[in-house]
Amino acid sequence: MFWQITTFLALTALVLVHLSWARRLRASERAARAQVDALARSEEAARIQAQVQQEAVFDSMVEGVVLLDREGRIQLANRQFAELFGLAKDSRGQTLMEATRMHELAELVAGLSAAQPVQEGELRPPGLAESWLEVNAAAIFDGTQSRRGTVVVFHDLTRLKKLERNREEFVANVSHELRTPLSLIKGYTETLLDGAKDNPEVSLKFLQTIDRNAERLKLLIEDLLTISELESGRMRLQLQTLALRPLVAKLVEDFKPRASSRTVRIVSELPELSAEADPNRVGQVFSNLVDNAIKYGHTGGTVTIQGRLTDDGMIELCVADDGPGIPADAKDRIFERFYRVDKARSREQGGTGLGLSIVKHIVQSHGGKVWVESEMGKGSRFFFSLPKG
């Protein structure tokens, strides 16, 4: 009986030990599976994160980039590529011709070969807005000279092209403006040297013409130096609290002789206002605007200077004339360098063509803005704003 009880107890203990180890084994298996699942999720998360980061870097590039497969279809394209060509939908799976509708681009890529795997060129994408692109294409070939894929990179050249065109126009305009008075000075000087100097009446007239054109040259060179300093940021403003009414009163007094020569009346309706500004530069702005108003307004007309404090804490100033007005298509260009609404009349009046451009740059350097309101036959009103002092 004793041995039977002992045997039963031993078997029971063995069963309990087995069950305990089985539970531990199952727990270990569950823990192992959990670790494997966690590792798999971690690897998948890391892969997704790496892919997201790669796509973010790809899309943040300033260049447009396209990867083509061996059949020439778009496998990957970044956001800049879509923006450069105005694509509204995903272009993957399309050829470059299907995506961009540009034969020149398709021909450039098709022309790549094992002998010439890299090509570049300039293209102008279709559209209303002017734009230029530099294209660099590189094909990858395997050992059998079969194309494995192609990388095409697009650089936006639009700003550089516009700057180059502006530079060329600027040089052409400066050359023209310098050549005209120089030719007159040289011509009249040669005439004087050839004998006209012996005629007092003729020589006086010629010398007055030479002096007038020398002054025109001086003003042009001064304006060129001023606008160069303004555009380059080299000019430093001497900001101070500036009372505008006394400054305008002195300017009106200075312009009285010039206004009288055209029977023009200058009226200041400026209230007591102060601006945070450079006195010399603000004086230059007023001088250019008042000079233009006298020059292009009607003979016997009136030039009015006004100002007010706006709701946003800026000082708004205005120089108005009662002249013929400015055509609507010219108002957007009136502040460009050398732009003239009436070229013949402007040159007759002797302006440099830089005055309004200088006004714009001075006002903008103060943190203000400048604009014009005009209606044909009803005069023009030139506005500019300055920070309140």
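Some words on the sheet that holds strand S9 (residues 302–309)
Stage number 1. Across the sheet, which stays open at both edges, the five strands sit in the order S7-S9-S10-S12-S11 with mixed pairing between neighbours. Taken across any chain shown, the strands that pair with only one partner, and hence form the sheet edges, are strand S7 (265–268) and strand S11 (370–374). Within the sheet, the average angular offset between the axes of one strand and its neighbour, ignoring direction, is 15°.
Stage number 2. Examined bridge by bridge, S7 and S9 share four bridges and lie parallel to one another. Residue pairing for S9: Val-267 is matched across the bridge by Thr-304.
Stage number 3. The sheet strands contacting helix H7 (residues 244–261) are S7, S9 and strand S10 (314–321), and the helix crosses S7 at an angle near 175°.
Stage number 4. Sitting on the sheet, helix H8 (residues 279–296) touches S7, S9, S10 and strand S12 (380–387), and the angle it makes with S10 is about 25°.

A look at the nonpolar core
Looking at soluble globular proteins, one finds that nonpolar side chains tend to be buried together.
Stage number 1. Residues Leu-244, Ile-266, Phe-286 and Phe-384 are the most contacted members of the largest nonpolar core, which totals 48 residues.
Stage number 2. Those residues in contact with Phe-384 that sit more than four places away from it in its chain are Val-285, Phe-286, Leu-289, Ile-315, Glu-316, Leu-317, Val-363, Lys-369, Val-370 and Trp-371.

Re helix H5 (residues 158–193)
Stage number 1. With 36 residues, H5 extends 52 Å from end C-alpha to end C-alpha; this agrees with the ideal 52 Å at 1.5 Å per step.
Stage number 2. Within the sequence span of H5, burial applies to Thr-158, Val-174, Glu-177, Pro-181, Ile-185 and Leu-192.
Stage number 3. Looking one or two residues beyond H5, the residue adopting positive phi is Gly-195, at roughly 135°.

Remarks on helix H4 (residues 103–110)
Stage number 1. Residues of H4 that are buried include every one of Leu-105, Leu-108 and Val-109, and no others. End-on view of H4: buried residues confined to an arc of 95°, all on one side of the axis. For H4, exposure combined with an orientation more than 90 degrees from the buried face picks out His-103, Glu-107 and Ala-110.
Stage number 2. As for H4, its buried residues are in contact with strand S1 (64–68), helix H2 (79–85), helix H3 (96–100), strand S3 (118–123), strand S4 (133–141) and strand S5 (147–156).

Side note on the sheet that holds S5
Stage number 1. As summarised here, the arrangement of the five strands in space is S2-S1-S5-S4-S3, forming an open sheet in which the pairing is antiparallel. Single-partner strands in this sheet number two, and they are strand S2 (74–77) and S3. For this sheet the average axis-to-axis angle between neighbouring strands, irrespective of direction, equals 20°.
Stage number 2. Pairing geometry for S4 and S5, over nine bridges, is antiparallel. Looking at the pairing, Ala-139 lines up with Thr-150 of S5.
Stage number 3. Taken strand by strand, H4 contacts S1, S3, S4 and S5, and its axis lies near 135° from that of S5.

Notes on the pairing of S5
Stage number 1. Bridge count between S1 and S5: five bridges; the pairing is antiparallel. What sits directly across from Leu-67, in S5, is Val-151.
Stage number 2. Counting the residues in the hairpin turn of S4 and S5 gives five residues, including Gln-145, whose phi is positive at 65°.

A closer look at the pairing of S1
One face of the sheet, then the other: side chains in a regular strand alternate in exactly this way.
Stage number 1. For S1, a buried count of four out of five residues is recorded, marking the element as mostly surrounded by other parts of the structure.
Stage number 2. Relative to S2, S1 runs antiparallel, the two being bridged by three bridges. Bridge pairing in S2 links Leu-68 to Ile-74.

What to know about the environment of Asp-90
Stage number 1. Secondary-structure assignment places Asp-90 in the loop between H2 and H3.
Stage number 2. Here Asp-90 falls in the partly exposed class, since its relative accessible area comes to 45%.
Stage number 3. Separated by 14 residues in sequence, Asp-90 and Leu-76 place their C-alpha atoms 9.5 Å apart.
Stage number 4. Separated by 2.6 Å, the side chains of Asp-90 and Arg-92 make a polar contact.

Some points on the packing of H8 against helix H10 (residues 355–365)
To describe two helices that pack against each other, one gives the angle between their axes and the distance between the axes.
Stage number 1. One way to put it is that H8 packs onto H10 with a least axis distance of 9 Å and a crossing angle of 145°. Between H8 and H10 the crossing geometry is left-handed. In this structure, H8 contributes Arg-281, Gln-284, Val-285, Asn-288, Leu-289 and Asn-292 to the contact, and H10 contributes Gly-355, Leu-356, Ile-358, Val-359, Ile-362 and Val-363.
Stage number 2. In the contact of H8 with H10, the residues fall into seven nonpolar, four polar and one charged.

About the cut-offs
Residues numbered from 1 in each chain as written. Predicted model: local features only at pLDDT ≥ 70, side-chain atom pairs only at ≥ 80, totals over all residues. Heavy atoms only, no water. Pairing = 2+ DSSP bridges. Helix = DSSP H or I, 4+ residues; strand = E, 2+ residues; numbered from the N terminus. Axes fitted to C-alpha atoms, helices over the stretch in contact; angles between N-to-C directions. Contact = heavy atoms within 4.5 Å. Core = buried A, V, L, I, M, F, W, Y, C linked by side-chain atoms within 4.5 Å. Buried < 20%, exposed > 50% of the residue type's maximum accessible area, 1.4 Å probe, protein only. Expected span 1.5 Å × (residues − 1). Arc of directions from axis to C-beta. Polar contact = N/O pair within 3.5 Å; in protein donor to acceptor, adjacent residues only side chain to side chain. Left-handed = near helix turned anticlockwise from the far one by under 90°. Nonpolar A, V, L, I, M, F, W, Y, C, P; charged D, E, K, R; others polar.

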